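# Tertiary structure, described
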Amino acid sequence: MADNLPETPLLNELEKGAWPSFVKEIKMAAKRSPMCQDLLGQLEQSYREKIGYWKHGGIVGVMGYGGGVIGRYSALPDKYPKVSHFHTMRINQPAGWYYTSKALRDICDIWEKRGSGLTNMHGSTGDIILLGTTTDQLEPTFEDLSKIDFDIGGSGSDLRTPSCCCGMSRCEWACYDTMALTYDLTMHYQDELHRPAFPYKFKFKMSGCPNDCVASIARADMSIIGTWRDDIQVDQDAVREYADKGLDITSDVVNNCPSKCMDWDGKELHIDNSFCVRCMHCINVMPKALRPGKDRGATILIGSKAPIIEGAFLSSVLFPFIKIEPPYSKIKDTVDKMWDVWCEEGKNRERIGEFIQRVGLGNFLEAIEIDPVPEMVAHPRENPYVFYEEYFEEGDDDEEEEES
Amino acid sequence: MAKSVEEIAEAMFNLVKEAGSQKKLKPMDLTKSMIQMFGDEVDKKICKEAIKQLINSGRCVYTYFGGSFIELPHREGAAND
């Protein structure tokens, strides 16, 4: 079968160099998969002619589900019949992306039998991405995956597969159990994950600390980022040890603090925690000496997205600090209220961040019954979404008019 | 008297059928139409159940064209044989 590989002079350029190459991987898969041979042919033609030859399919899926399968058809089915159908399946990854080697082998065995054998581990949503299969193989693949306890993830206008960092399982900075929350939200919102009912997609991403390793602040409609509300734990002996070993604490730590909340006198590191913005810089530089505080929880932010309809948004604060403990009732109650108002009033393809910008955060907060607090700002120290109506008595405006 | 899931599913199915290829309906469009049609006899929860029944029975399918919609099963234009 290896002799059937098409000539690919342009793709071959992408095999050069020491780095991994997707072309090498596709060629390797093409030794066993006719689908991958045609994929190489079509891709080479696309590179040569600078035209993408894929058509978007909008109907394919498995019975009862509205997400998790992204339809793709070749625009050149006569020339490349093996990729006439080349659908993608998104598979719900385990929280923290932990697998046994057996689970991975089982997934790959299924995919070599039912699809092209090509995968993305993992897609930017966090899911396992299985690339390339035909419509008639979707249900059997779903059935095979169900037998090894894997389920399809989200796509379309639904809850996308929740994802998180490895949290407490491997990271010393985790301020809450990201994996437990991810698992709980995934199980609790199965209907929303599989049955698209929103104006557009909605993503939860859980980060255990402000380092935000899953970049939730830039990508998630609801970012749940671990933090603490007491003081940074300082081991002064360990700080001095860093200094003795050559770390320039003034230059590399103190001067890089965004809120200038610390001072180093050569013997002790003093931190004014009331000014700390939890950026993690000092902790990252001196991990043996500094640790997050002991009173830990998370900041919940809302509204980030990549640019599709509108430009890119970063999340803004919804809850400055919240304890993250099962059964996570406050989070779920808030989410339900948010979805209710967004589904009712949101336009087609309007992310919740865009919706909030359109209706105003003040109106949104009122609808979901949350009082505004000073931390809810679009940018620090400007444009506060705080209303001062309570400082004015009814009729104040009339009196001012009469006086003038 | 509250409407049953079956009655709502039937009314939703008729709406989807009438819309045909002229207008794509989202689940919330169907829910809002049911509330407009039946008033207090329905709520969002029962509408969600009715949509689930429509999809699980295969009478309607979810489709995606820039957003997710509910339509009658049909062969899409992009599909290859």
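Described in the following lines is the structure provided in the data block. (Residues numbered from 1 in each chain as written. Chains lettered and ligands numbered in written order. Predicted model: local features only at pLDDT ≥ 70, side-chain atom pairs only at ≥ 80, totals over all residues. Heavy atoms only, no water.)

Moving on: the sheet that holds strand β2 (residues 69-74) of chain A. Residues and elements named next belong to chain A. Spatial strand order, β1-β2-β3-β5-β4: five strands in an open sheet with antiparallel pairing. Strands at the two margins of the open sheet, each flanked by one partner only, are β1 (54-57) and β4 (115-121). Strand after strand, the sheet turns through a mean of 25° between neighbouring axes, direction not considered. Relative to β2, β1 runs antiparallel, the two being bridged by four bridges. Residue pairing for β2: G57 is matched across the bridge by G71. Most of the contacts of helix α4 (residues 101-114) go to β4, to which it runs at about 140°, and overall it touches β3 (88-91), β4 and β5 (128-133). (Pairing = 2+ DSSP bridges. Helix = DSSP H or I, 4+ residues; strand = E, 2+ residues; numbered from the N terminus. Axes fitted to C-alpha atoms, helices over the stretch in contact; angles between N-to-C directions. Contact = heavy atoms within 4.5 Å.)

A separate point is the pairing of strand β14 (residues 316-322) of chain A. All names here are of chain A. Most of β14 sits inside the fold, with six of its seven residues counted as buried. Bridge count between strand β13 (residues 296-302) and β14: four bridges; the pairing is antiparallel. Within the sheet, the bridge partner assigned to L301 lies in β14 and is V317. (Buried < 20%, exposed > 50% of the residue type's maximum accessible area, 1.4 Å probe, protein only.)

Moving on to unusual backbone geometry. As a rule of thumb, non-glycine residues mostly have phi less than zero, and peptide bonds are mostly trans rather than cis. Residue and element names in this part refer to chain A. Residue H122 follows M121 across a cis peptide bond; omega there is 5°. Looking along the chain, the bond that leaves P326 and enters P327 is cis, with omega of 5°. Residue position: P327 is located in the loop between β14 and α12 (329-345). A positive phi is found at Y328, a non-glycine position, where the angle reads about 60°. Summarising the element assignment, Y328 is placed in the loop between β14 and α12. Residues other than glycine seldom take positive phi values, yet E369 does so here, at roughly 60°. For E369, the location among the structural elements is in the loop between α14 (361-367) and β15 (377-379).

Residue and element names in this part refer to chain A. Together, L10, L14, F22 and Y47 make up a nonpolar patch on the protein surface, roughly 340 Å² of accessible area in all. Relative to the elements of secondary structure, L14 occurs in the loop between α1 (9-13) and α2 (22-30). Given a relative accessible area of 34%, L14 falls into the partly exposed group. (Patch = residues over 30% accessible without salt bridge, like charges linked within 9 Å, V, L, I, M, F, W, Y side chains within 5 Å. Areas by Shrake-Rupley, 256 points an atom, 1.4 Å probe, with all protein chains shown as cover. Salt bridge = Lys/Arg side-chain N within 4 Å of Asp/Glu carboxyl O.)

One pass over the structure, following the stated rule, counts 13 aromatic pairs over all chains. Pairing F198 of chain A with F202 of chain A gives two aromatic rings, centres 6.4 Å apart and planes at 70°, and the pair type is edge-to-face. Ring centres of F355 of chain A and F364 of chain A lie 6.2 Å apart, and the angle between their planes is 80°; on these two criteria the pair is classed as edge-to-face. Pair check on accessibility: F355 of chain A and F364 of chain A agree, each one buried. Here the guanidinium or amino end of K26 of chain B rests over the ring plane of F69 of chain B, the centre of that ring lying 4.9 Å away. (Phe/Tyr/Trp six-rings, centres within 6.5 Å; stacked < 30°, edge-to-face > 60°. Lys NZ or Arg CZ within 6 Å of the ring centre and 35° of its normal.)

With that settled, consider the nonpolar core. All names here are of chain A. With 40 residues, the main nonpolar core has F202 and F204 as its most contacted residues. When contributions to this core are tallied by element, the ones reaching two or more residues are α6 (178-188), β7 (204-207), β8 (222-228), β13, β14, α12, α13 (352-359) and α14. Here this core takes seven residues from α12, the largest share from any one element. Residues contacting F202, with those up to four places away along its chain left out, are D158, L159, R160, D221, M222, M338, W339, W342 and I352. Of all hydrophobic cores here, the second largest spans 24 residues; its members include C209, I271, I283 and L290. (Core = buried A, V, L, I, M, F, W, Y, C linked by side-chain atoms within 4.5 Å.)

Residues and elements named next belong to chain B. Its 15 residues give helix α1 (residues 5-19) an end-to-end C-alpha distance of 21 Å, which sits within 8% of 21 Å, the value for a rise of 1.5 Å per residue. Those residues of α1 that fall on the buried side of the exposure criterion are I8, A9, A11, M12, F13, L15, V16 and A19. If you follow the buried residues of α1, they end up packed against α2 (27-38), α3 (44-56) and β2 (68-71). One or two residues past the end of α1 sits G20, with phi positive at roughly 50°. (Expected span 1.5 Å × (residues − 1).)

Counting residues at the interface gives 31 residues for chain A and 25 residues for chain B. Each partner contributes to the roughly 2300 Å² buried at the junction of chain A and chain B, and carbon and sulfur atoms together form 49% of this total. Per-residue buried area on chain A facing chain B is highest for I59, R195 and E344 of chain A; these three make up 26% of the total on that side. The tally of links from chain A across to chain B stands at five salt bridges. Linking E192 of chain A and K48 of chain B is a salt bridge whose minimum nitrogen-to-oxygen distance equals 3.1 Å. Taken together, the links from chain A to chain B amount to 18 residue pairs in polar contact (both at pLDDT 80 or more). Those elements giving two or more residues to the side of chain A that touches chain B turn out to be β1, β2, α7 (190-194) and α12 of chain A. Here the side of chain A that touches chain B is composed, by residue class, of twelve nonpolar, twelve polar and seven charged. (Buried area = accessible area lost by both parts, 1.4 Å probe. Polar contact = N/O pair within 3.5 Å; in protein donor to acceptor, adjacent residues only side chain to side chain. Nonpolar A, V, L, I, M, F, W, Y, C, P; charged D, E, K, R; others polar.)

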